[in-house]
Amino acid sequence: MIKWLIISILLLGACAYLPLWIKDDRLRSLVMRWVLVPVSVVIIVYVYPAGIEVFKKLALTF
């Protein structure tokens, strides 16, 4: 659960703050294309299903 939480925070933070920190439009475009698109795919493929399992286990224990 801790590994999932750390990965989720890092990936979502990268998607939220990298475009804001980068002021150069060309560099922002490259980062969005080559970093944030794969990061978003990892979020969709790993973080979302793992989150469902984490919260399902939490719900079943209470």
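Use the structure listed above.
Thresholds, definitions, all that
- Residues numbered from 1 in each chain as written.
- Predicted model: local features only at pLDDT ≥ 70, side-chain atom pairs only at ≥ 80, totals over all residues.
- Heavy atoms only, no water.
- Phe/Tyr/Trp six-rings, centres within 6.5 Å; stacked < 30°, edge-to-face > 60°.
- Helix = DSSP H or I, 4+ residues; strand = E, 2+ residues; numbered from the N terminus.
- Buried < 20%, exposed > 50% of the residue type's maximum accessible area, 1.4 Å probe, protein only.
- Contact = heavy atoms within 4.5 Å.
- Expected span 1.5 Å × (residues − 1).
- Bend = angle between axes of the 7 residues up to and from the residue.

A word on the packing of aromatic side chains
Item 1. Counted by the stated rule, this structure contains two aromatic pairs.
Item 2. Between the aromatic rings of Trp4 and Phe55, the centroid separation amounts to 6.0 Å while the plane-to-plane angle is 85 degrees, which identifies the pairing as edge-to-face. Here Phe55 lies in helix H2 (residues 25–61) and Trp4 lies in helix H1 (residues 2–21), a separation of 51 residues in the sequence.
Item 3. Aromatic side chains Tyr17 and Trp21 sit 5.9 Å apart centroid to centroid with 20 degrees between the ring planes, which places their arrangement in the stacked category. With Tyr17 and Trp21 both in helix H1 and four residues apart, the pair spans about one turn of that helix.
Item 4. Taking relative accessible area as the criterion, Tyr17 reaches 46% and is therefore assigned partly exposed.

A few points about the environment of Val35
Item 1. Its place among the elements puts Val35 in helix H2.
Item 2. Taking the C-alpha atoms as reference, Val35 lies 8.9 Å from Cys15; in sequence the two are 20 residues apart.
Item 3. Excluding residues within four positions of it along the chain, Val35 makes contact with Leu18 and Leu30.

So, H1
Item 1. Between the first and last C-alpha of H1 there are 27 Å, a value that for 20 residues agrees with the 28 Å anticipated at 1.5 Å per step.
Item 2. The largest bend in H1 is about 30 degrees, located at Ala14.

Side note on the environment of Ile52
Item 1. Checked against the element boundaries, Ile52 lands in helix H2.
Item 2. You can call Ile52 partly exposed: its relative accessible area is 42%.
Item 3. Sequence-wise, Ile52 and Val41 are eleven residues apart; in three dimensions their C-alpha atoms are separated by 17 Å.

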